[in-house]
Structures are given as structure tokens and as C-alpha cells.
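# Fold and contact review
Below, each chain spelled out in residue letters.
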Amino acid sequence: MLNFNKTYVLPFKFNIPNYTQDFLNQTPKFKRWTKFFKRYLYLTFKGQKNLEIFSILPKHKNILWVNISAPSLGDSLMDLSSRVMLKDKNVDLFTSKKNAHIYIEDRIFSNVYTRQADISHSKYDLVIVDSYSSRSINIKSKITPDVPFIGMFGYYNGPEVNRILFSFHQMNHLLGYIKTEGEINISAQNSIAISREDQRIVNSMDLPTKFIAIVLGGEWDYRTYNQWDEVIEKILFNDKQTNFVFVGSSNAKDVAKKLVDRFSKRNMLDCVGRFSFNQTAQIIKQAQILLCCDGGLMHASNAVNTPIIPLFARLTPQMQLTDAIHAFPLFDKSDVNNIPVKKILEKYNEASNFVDNHPRGE
């Protein structure tokens, strides 16, 4: 019997933050059925339906993880976060070129591939497929046509979820619930490996001993804060010795220049658009606090355990953060620019007190 509700029912027994009710209210039943049926038919058409299994067993020693559905670096970090639960396996990753570089020296992935021709399918006894989208299943059927597979998101397709908790709880489910719900919830977080070369490059910059990092710019206007100058001004009014390091992608270079020109260069260091994602994560790792909006570098900060003051809009903090993360979030239902500077400063004081009472390494 076909189970159409797999498109919106969590595949594991524990609940996590999700927008399932919104999805059900906004999506007609026939569209939910269509989402499921298209994927079911494609699995059958590609000769994969009978290869689907539902557990990762001790005999599965050599695993290929196909992850090509993540649309951004942050989503990729979240979707692959539960790989740490596979420490006793030999795991390779097949992913997109835009995401591959952040896993080159990963502690779990032995090899990272972006080309199908580079993979020897005979070495694997299990494939983890990110979702049952036609693209993912097509790639799986070409790379490892006869190898059993399990799904992470599988047929689940529509409702927004906390992707970190989804990844960990689904992996826990596939491994036979080796951890309790509470154990997962307090430990689930992103991870990233920063190479010695990237560390060397960042260390050669002679960063300030203590500094606040701020992520500038953003892909979406409603998630791009435009009042960082006021925040900086208020912080410097209370402590003129505070150092700031600006990070972000090249779309924020003009913003960074304006801030450096406005304030004393003694307090400002512009690193925007100058370093790779992993190198920027290393810079953030050395910061006392990161101020940011929801985005890839926020997820990088969570992976290196730097306390954050993240600004959210539309998606609530509960949808992006976990209990393992030291966060002091703020939220507006439509646009981060509706968040008052005063509120950010209040969170900054909270975060500063936390940092003072929890030195790194403790």
C-alpha cells in the first residue's frame, strides 16, 4: 500500500521543530500525493525500488553518501551534520562542486567526489541518498546501480524543518536508535574540519587577541542587516578598545569599506571576500562573539563553537539552532531590519557576560 503521507510525516519517532501544519494548510492534497507518486514511480523506473532498505547495519562498512540537494553551504553543513555518528564506517561523499571544498579534509569523509566517473561502485555496500528527488536517484542509479540504499529525507518533500535535528534523528533512527531523544538534542550540531594550511594562512594575519566578528552582506534583503554601523557605534561608545573583524562574501565589500572609513582603522579589520569559507570559519573560531544574520557563516560559527548573536526573519531560531549551540538570537516575522539596535545591544551584553564566565576550552 502506498503511503502518501511520507511527503510530510517525519520518518523517525521523535518530534523536531517543523512547519508541517503550514505546509498542509497551503498545499492541496492532490499536490502532496503527486509529490510522493512522482518519486515512487521514478524509483521504480530506475530499477531502484527493490534496493531500498531502512537500516544501517554493522555489515555496512563502506558507504557512499550522495548529497546534491543542499542548495547552499549552510544547508549542506546541516544535512551532513550527522556524519559524526558514522565514525566506525568508511564513508565517501559525492556532492556538488560548490559544496565539495568544505569537506576536503573532513574527519569522517575519506574521499570527496564531484564527478561520477571518479567513483568505483564495486567498493560500496551501502549508499546514503539525501532525498528521493529524480536528480539524486538518477545519480545513484548510474554510480551504484545494484547497491542497496537508504534515504535521509527520502520522500519527505515540502515542510520546513530544523535540518540539523532532522539529520541527527534520522541517522539515529537508521542506526537503530542507539541514542535517546535527549542525547541527540543536546549534542546535535554542525562540524567542519579546517586544514593546517588554512589555519596557517589565518594565523599569518596577526588577528587581534580579542575581537568581535560581524558578517556583512547577504543573499536576501530580508536577511541582510543594514544597521551594523549603529551597533558598532554603541559598542565603541561603551568600550573604545573593542576590535571588530568583518567577514562575508564579495557582495559586502562596499559595506565593509564604508565601515572602515567611518570608524578608526585601529579597531577595524576588513576580511570580506578575501578568504575561503573554511578560512573564514577559522577567523570566526578565534572571535569572542559573532554578530550575523541567518546564513552560511552562522552555520560555520556553530561548527567551531563561537557564541553567536544571530538575526532571523521568517524562519524562527528554533528552525536553525540546537541546544548545543551558544546563541543569543533575535527574530522578526518579516525582515531582520525591523530588529532594533537596542535589542541587539542587549543580546550583546548577554553574550559578553556568557563569554566572560565561560572561557574557551572549559
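First, a word on scope: everything that follows refers to the structure included in this document.

Quick notes on the rules
In this numbering scheme, every chain counts its residues from 1 along its sequence in written order. Per-residue local features are limited, in this predicted model, to residues with pLDDT of at least 70; the limit for side-chain atom pairs, both in listing and counting, is 80 or more; totals at the level of whole chains, interfaces and linings are taken over all residues. Water and hydrogen atoms play no part in the side-chain values, which are based on all heavy atoms of the structure. Counted as salt bridges are all cases of a side-chain nitrogen of Lys or Arg within 4 Å of a carboxyl oxygen of Asp or Glu. Only DSSP runs of H or I reaching four residues or more are called helices, and only runs of E reaching two or more are called strands; each is numbered from the N terminus. For the exposure calls, accessible area comes from a 1.4 Å probe over protein chains only, and a residue counts as buried if that area is under 20% of its type's maximum, exposed if over 50%, partly exposed in between. Stacked, tilted and edge-to-face are the three classes assigned to paired rings of Phe, Tyr and Trp, where Trp is represented by its six-membered ring and a pair needs centres within 6.5 Å; plane angles under 30 degrees give stacked, over 60 edge-to-face, the rest tilted. Sitting over a ring, as applied to charges here, requires NZ of Lys or CZ of Arg to be within 6 Å of the ring centre and within 35 degrees of the ring normal. Any two residues whose heavy atoms approach within 4.5 Å at even a single point are treated as in contact. Expected span of a helix, by definition, is 1.5 Å for each gap between consecutive residues, and there is one gap fewer than residues. Any two strands between which DSSP finds at least two bridges are classified as paired. A fitted line through C-alpha atoms represents every axis, and for helices the fit uses only the stretch in contact; the resulting angles, taken between N-to-C directions, go from 0 to 180 degrees.

Here we come to the pattern of salt bridges. Two side chains carrying opposite charge are able to pair once their charged atoms lie near each other. Under the counting rule described, the total for this entry stands at 12 salt bridges. Residues Arg-163 and Asp-79 are paired through a salt bridge, measuring 2.7 Å at the closest nitrogen-oxygen approach. Remark: Asp-79 occurs in helix H3 (residues 73-79) and Arg-163 occurs in helix H6 (residues 163-174); sequence separation between them is 84 residues. Its relative accessible area of 7% is what places Asp-79 among the buried residues. When the shortest N-O distance is used, the salt bridge between Arg-200 and Glu-197 registers 2.7 Å. Of this pair, Arg-200 and Glu-197 both sit in helix H8 (residues 196-203), separated by three residues, roughly a single helical turn. On the basis of relative accessible area, Arg-200 is assigned to the partly exposed category, the value being 47%.

Now for the packing of aromatic side chains. For the structure on display, the rule yields 15 aromatic pairs. With centroids separated by 6.2 Å and ring planes inclined at 45°, the aromatic side chains of Tyr-42 and Phe-45 adopt a geometry described as tilted. With Tyr-42 and Phe-45 both in helix H2 (residues 29-45), this residue pair falls three residues apart, about one helical turn. Tyr-42 sits in the partly exposed class, given a relative accessible area of 23%. Overall, the relative accessible area of 65% leaves Phe-45 in the exposed class. Members of the aromatic cluster, connected to one another through ring pairs, are Phe-36, Tyr-40, Tyr-132, Phe-149 and Tyr-155. Geometry around Tyr-8 places Arg-32 over its ring, the cationic atom sitting 5.2 Å from the centre. Its guanidinium or amino end placed over the ring of Tyr-222, Arg-314 lies 3.7 Å from that ring's centre, counting from NZ or CZ.

The subject of this paragraph is the environment of Glu-233. Along the polypeptide, Glu-233 turns up in helix H9 (residues 228-238). If sequence neighbours within four positions are ignored, Glu-233 has contacts with Arg-262 and Phe-263.

Moving on, we come to helix H13 (residues 341-357). Taking 1.5 Å per residue as the helical rise, H13 with its 17 residues ought to reach 24 Å, and the 24 Å between its terminal C-alpha atoms agrees with that figure. Taken residue by residue, H13 has Val-341, Ile-344, Leu-345, Lys-347, Tyr-348, Ala-351, Ser-352, Phe-354 and Val-355 as its buried positions. Taken together, the buried residues of H13 touch strand E6 (212-215), H9, strand E9 (289-293), strand E10 (308-313) and strand E11 (330-332).

On to the sheet that holds strand E1 (residues 62-67), then. Taken in spatial order, the five strands line up as E3-E2-E1-E4-E5 in an open sheet, and their pairing is parallel. In this open sheet, the two edge strands, each paired with only one partner strand, are strand E3 (109-113) and strand E5 (149-154). Strand after strand, the sheet turns through a mean of 20° between neighbouring axes, direction not considered. With six bridges joining them, E1 and strand E2 (residues 90-95) adopt parallel strand pairing. Paired with Asn-67 across the bridge in E2 is Thr-95. Packed on one face of the sheet, H6 meets E1, strand E4 (126-131) and E5 and runs near 150° to E5.

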